[in-house]
Amino acid sequence: MASENAKLTVNNLFNVEGWVCVVTGGGTGVGLVISQAFANNGARVYITSRRENVLKNTAEHWGSCLAHPQGKLIYATCDINSKDSIRKFVDEIEKKEDHVDLVVNNAGTLGSRDAEQEHWDPVELAEQLFNDDPAQWEGVYKTNVVGTFFISAAFLPLLHAATGRRPQYTPSIINISSVAGISRTTFDHVKYNVSKAAAIHLTTMLAQKFKNEVRVNSIAPGIFPSEMTVGTSDEHNKSHLSTEYWEKWGIPAGRPGREEDIAQIALLLACNQYVYGQTIAVDGGYMIAHG
């Protein structure tokens, strides 16, 4: 009876001690928070992006004071737009690890903002939209969708190697999408919204392809502080939203997302072995107001 009760304790329900995790874009924003959530609970977390200085700062600052003695933040550069860079990154991890329990596809780009209009004029609007740079569309889609696809494919053998390491355990991929891919609101970033909608559908497709070996799910964050929403980070790679920014969206929760909100849902999707192919919005009610 005691053992049956023990399995329902928080430590057993969300135990990631000894896990091996990979987080793209793990040096800042949502990616950093997710990396901290796993490392502070005993996982070895490999964070990656193109900016080595950012990764090094994150690993040295946040990795030096982790709450769990087995937790680690380990950095390695990778450009998810380059298959050669992805292969090199995977090879580097294979030299240190014989499996990976979790891959978080968090790296993304916002792209240029759409021109704002004070009044609706079809000729003016047509000109603004048609003059948008196709290379911007391609760049946003390549990072937010294609990069996610190739990272997921490249890590599949290491994820497969984690299968069966624990009783009734399946490794997983978590794709970080956005409420922008669900909402009817444009945010004046149409190309970004479309790419995130594609990333959500990619999650469904990968969940189907990998269903027998790897669970694939998606988190769609609402308004959270990050370099994407704020534009900058502080000296420790954290971003801070102004009150004016989040208040204009009329979030029912009455606040922007906190680090705990993202950490809790990431741990849930990684640990719950019965969730497949889902996209969960963590938005403080944003979609209720703007769905």
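Each remark here, short or long, concerns the structure printed above.
Residues numbered from 1 in each chain as written. Predicted model: local features only at pLDDT ≥ 70, side-chain atom pairs only at ≥ 80, totals over all residues. Heavy atoms only, no water.

Engineer: When you look at the nonpolar core in this model, what are you seeing that I'm missing?
Structural biologist: Residues W19, I34, F38, V45, I174 and I219 are the most contacted members of the largest nonpolar core, which totals 34 residues. Looking at this core, the elements that each hand over two or more residues are β1 (20-24), α3 (29-39), β2 (44-48), β4 (102-105), β5 (172-176) and α11 (259-271). Residue contributions to this core peak at eight residues, all from α11. Counting 27 residues, the second-largest nonpolar core is a separate cluster that includes V20, I93, I151 and A154. (Core = buried A, V, L, I, M, F, W, Y, C linked by side-chain atoms within 4.5 Å. Buried < 20%, exposed > 50% of the residue type's maximum accessible area, 1.4 Å probe, protein only. Helix = DSSP H or I, 4+ residues; strand = E, 2+ residues; numbered from the N terminus.)

Engineer: Could you clarify how one ought to interpret the sheet that holds strand β3 (residues 72-75) in this entry?
Structural biologist: Through backbone hydrogen bonds, the strands of a sheet pair up, either in parallel or in antiparallel fashion. Reading across from one edge, β3-β2-β1-β4-β5-β6-β7 is the order of the seven strands in this open sheet, with parallel pairing throughout. Looking at strand neighbours, the two that pair on one side only are β3 and β7 (279-282), the edges of this open sheet. Each strand axis lies, on average, 20 degrees off the axis of its neighbour in the sheet, ignoring direction. Strand direction decides the pairing type here: β2 and β3, joined by four bridges, are parallel. Bridging from a neighbouring strand, V45 pairs with L73 of β3. Running over the sheet, helix α4 (residues 52-61) touches β2 and β3 and is turned about 165 degrees from β3. Across the face of the sheet, helix α7 (residues 134-160) comes into contact with β1, β4 and β5 while running at roughly 175 degrees to β4. (Pairing = 2+ DSSP bridges. Axes fitted to C-alpha atoms, helices over the stretch in contact; angles between N-to-C directions. Contact = heavy atoms within 4.5 Å.)

Engineer: Hey, could you run me through the packing of helix α5 (residues 83-94) against α7 in this one?
Structural biologist: For any two helices packed against each other, one specifies the crossing angle of their axes together with the interaxial distance. Axis separation between α5 and α7 bottoms out at 10 Å; the angle between their running directions is 25 degrees. Comparing their axes, α7 and α5 come out roughly parallel. Considering only the axes of α5 and α7, their crossing is right-handed. Two secondary-structure elements touch here, α5 through K83, I86, F89, V90, I93 and E94 and α7 through F150, I151, A154, F155 and L158. Considered class by class, the residues forming the contact of α5 with α7 number nine nonpolar, no polar and two charged. (Parallel < 35°, antiparallel > 145°, perpendicular 65-115°, else oblique. Left-handed = near helix turned anticlockwise from the far one by under 90°. Nonpolar A, V, L, I, M, F, W, Y, C, P; charged D, E, K, R; others polar.)

Engineer: Sorry if this is basic, but what is going on with the packing of α7 against helix α8 (residues 190-209) here?
Structural biologist: As a packed pair, α7 and α8 sit with axes 9 Å apart at the nearest point and diverge in direction by 20 degrees. Taken together, α7 and α8 sit at an angle that is classed as roughly parallel. Crossing handedness for the pair α7 and α8: right-handed. Contact with α7, carried on its side by Q136, W137, V140, Y141, N144, V145, T148, F149 and S152, involves V190, K191, Y192, V194, S195, K196, A198, A199, L202 and L206 of α8 and no other residues of that element. Residues that form the contact of α7 with α8 fall into these classes: twelve nonpolar, five polar and two charged.

Engineer: Sorry, what's going on with a nonpolar patch on the surface here?
Structural biologist: Residues L8, V10, L13 and F14 make up a contiguous nonpolar surface patch of about 370 Å² in total accessible area. By the secondary structure assignment, L8 is in the loop between α1 (2-6) and α2 (10-13). (Patch = residues over 30% accessible without salt bridge, like charges linked within 9 Å, V, L, I, M, F, W, Y side chains within 5 Å. Areas by Shrake-Rupley, 256 points an atom, 1.4 Å probe, with all protein chains shown as cover. Salt bridge = Lys/Arg side-chain N within 4 Å of Asp/Glu carboxyl O.)

Engineer: Would you explain α11 in this entry?
Structural biologist: The α-helix advances 3.6 residues per turn, and as a result positions three or four apart in sequence lie on the same side. In this model, α11 (13 residues) spans 18 Å end to end at C-alpha, consistent with the 18 Å of a helix rising 1.5 Å per residue. Burial in α11 covers these residues: I262, A263, I265, A266, L267, L269, A270 and C271. Summarising the contacts, the buried residues of α11 are in contact with α2, α3, β4, β5, β6 (215-221) and β7. (Expected span 1.5 Å × (residues − 1).)

Engineer: I'm lost on the packing of aromatic side chains in this one. Help?
Structural biologist: What characterises a pair of aromatic rings is the spacing of the ring centres plus the angle enclosed by the ring planes. In this structure the tally under the stated criterion is five aromatic pairs. Summarising the aromatic geometry, the rings of W19 and Y169 are spaced 5.6 Å apart at their centres and angled 70 degrees between planes, so their arrangement reads as edge-to-face. On the criterion of sequence distance, the pair formed by W19 in the loop between α2 and β1 and Y169 in the loop between α7 and β5 is long-range, its members being 150 residues apart. Accessibility assignment for this pair places W19 and Y169 in one class, buried. Following the ring pairs from residue to residue traces out a cluster consisting of W19, F38 and Y169. Note that R166 overlies the ring of Y169, its terminal NZ or CZ placed 4.7 Å from the centroid. Above the face of the W62 ring, K238 is positioned so that its terminal group lies 4.8 Å from the ring centre. (Phe/Tyr/Trp six-rings, centres within 6.5 Å; stacked < 30°, edge-to-face > 60°. Lys NZ or Arg CZ within 6 Å of the ring centre and 35° of its normal.)

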